[in-house]
Amino acid sequence: MKEKDFTFDRRRFLQASAMAAGAFAIAPLPTACTTVSTKEVNRSDFGGVKMGAITYSYRSLPGGAGNTLLYVLGSGIGSIELMGDVAESYAGRPAAPQFGPATRPTPGQVLTREQQAERDAMMAARQKYNEDVLAWRLSVPMAKYEELAKIYKMAGIDIHIIKLEPNMNMTDAELEYVFKVCTAVGAMGVTVELNLPLAERVQPFAAKYGKYVIFHNHQQFSQENFEGYDVYLKYENARFNFDMGHYYGSTGKDPREIVEKYHDRIAAIHVKDKTGPGPDGDGKLRSPYYENRMWGQGETPLKEFLLFIQSNAGKPGWPVHCDIELEYAIPENSNAVAETARCVEWARNVLVK
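For every chain, the first residue of the written sequence is number 1, and numbering continues from 1 along that sequence. Where local features are concerned, this predicted model is filtered to residues with pLDDT of at least 70; where side-chain atom pairs are given and counted, the filter is 80 or more; whole-chain, interface and lining totals use all residues. Side-chain descriptors were evaluated using all non-hydrogen atoms of the structure, hydrogens and water having been removed beforehand.

## Digging into the packing of aromatic side chains
To describe a pair of aromatic rings, one takes the distance between the centres and the angle between the planes. Stacked, tilted and edge-to-face pairs are distinguished by plane angle, under 30 degrees for stacked and over 60 for edge-to-face with tilted covering the rest, among Phe, Tyr and Trp rings (Trp via its six-membered ring) whose centres lie within 6.5 Å. In this structure the tally under the stated criterion is 15 aromatic pairs. For the ring pair F221 and Y247, a centre distance of 5.1 Å and an interplane angle of 80° mean the geometry is edge-to-face. One end of the pair, F221, is in the loop between β6 (212-216) and β7 (238-243); the other, Y247, is in helix α9 (residues 244-251), and 26 residues separate them in sequence. Remark: exposure states derive from per-residue accessible area (1.4 Å probe, protein chains only) relative to the maximum for the residue type, with buried under 20%, exposed over 50%, and partly exposed in between. Judged by its relative accessible area of 4%, Y247 falls in the buried class. Feature note: the residues F215, F221, F226, Y229, Y232, F240, F242, Y247 and Y262 constitute an aromatic cluster, connected by ring pairs. Cation over ring: K144 sits above Y90, and NZ or CZ is 4.4 Å from the ring centre. The helix count covers DSSP runs of H or I at least four residues long, the strand count covers runs of E at least two residues long, and both are numbered beginning at the N terminus. Over a ring means this: the NZ of a Lys or the CZ of an Arg is within 6 Å of the ring centre and within 35 degrees of the ring normal.

## A word on the pairing of β7
Counting buried positions over the six residues of β7 gives six, a clear majority of the element. The side-chain alternation of β7 yields two buried faces, one formed by A238, F240 and F242 and the other by R239, N241 and D243. Two strands are said to pair when DSSP picks up at least two bridges between them. In terms of strand pairing, β6 meets β7 through four bridges, oriented parallel. Looking at the pairing, H216 lines up with N241 of β7. Relative to strand β8 (residues 266-271), β7 is paired through four bridges, and the arrangement is parallel. The residue bridging N241 from the neighbouring strand is A268, located in β8.

See the structure below:
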């Protein structure tokens with residue numbers, strides 16, 4: 001589906017979605033999109049656990065808002081953490097300049113005049129692009145983002161988080177833009193990597209728009225000087241995007257402990273299966289930064305974790321959004337849509353009695 005064909009024609013859109021998703025499916029998984037009914041396509045609320053995905057999972061496939069929506073439908077899910085580039089490209093963000101490989105001087109090497117001119121031109125183009133993006137962000141109407149959310153909602157897809165990351169280099173006006181976009185697409189907040197100074201900087205903007213700044217972890221919990229989530233709790237609009245796979249893989253500890261402690265501040269959870277940091281078959285210690293595995297083939301207590309979330313679903317302050325982040329190697333003759341659908345089906349088999 002081309003961006004220019006991305007319209008509100010519900011019947012035409014859903015028919016195209018069904019055909020595209022069927023073409024993506026490698027195996028006849030029950031989660032594949034095989035009907036024009038959004039109720040059938042997007043039934044991924046399993047006993048109170050909302051199985052969704054971060055659209056980063058589809059990074060190996062052609063991008064664009066239309067393509068991404070078809071991937072989501074083909075995976076059989078109904079809620080997403082939307083990558084910011086998908087939303088911004090739909091709204092008309094300037095295209096990034098394309099360059100070949102840059103000449104990197106070795107220590108002591110002096111670039112030729114031509115090589116230096118090439119590097120200077122590349123740097124100038126990148127600077128101009130950054131300026132163009134900033135100018136665009138401060139002038140783009142929110143109508144395109146609202147339109148995008150309407151199309152996704154019409155297809156039965158909820159954008160519960162957007163990963164349009166604020167950063168310390170942004171101007172106040174640009175930070176304002178981030179939360180305007182978050183509001184326009186109907187998300188609860190924006191995700192960003194753990195960054196305490198940023199939490200303080202963006203707190204007024206999050207509070208102004210009634211949104212959350214949702215901090216995502218990698219292997220920080222394995223670091224001796226990491227203070228955990230506690231230092232973020234003083235910021236009312238700070239929430240956590242707890243990556244239970246990264247947590248287990250880097251520490252070997254049960255991720256249920258973190259959810260138990262911080263459940264009322266966790267907005268969503270990234271779910272994956274990994275090996276832990278323990279010794280390998282030769283008795284040697286594996287790298288603390290684990291390996292990604294197909295669901296059910298790693299060491300993460302994935303089944304127990306999902307059942308734990310389900311057992312607490314409905315209680316005040318407990319998270320229910322569990323988003324697939326597809327990071328394991330995609331098997332030959334498969335693709336990201338089929339593998340995301342495989343994860344959905346795995347979760348269904350665990351959670352649906």
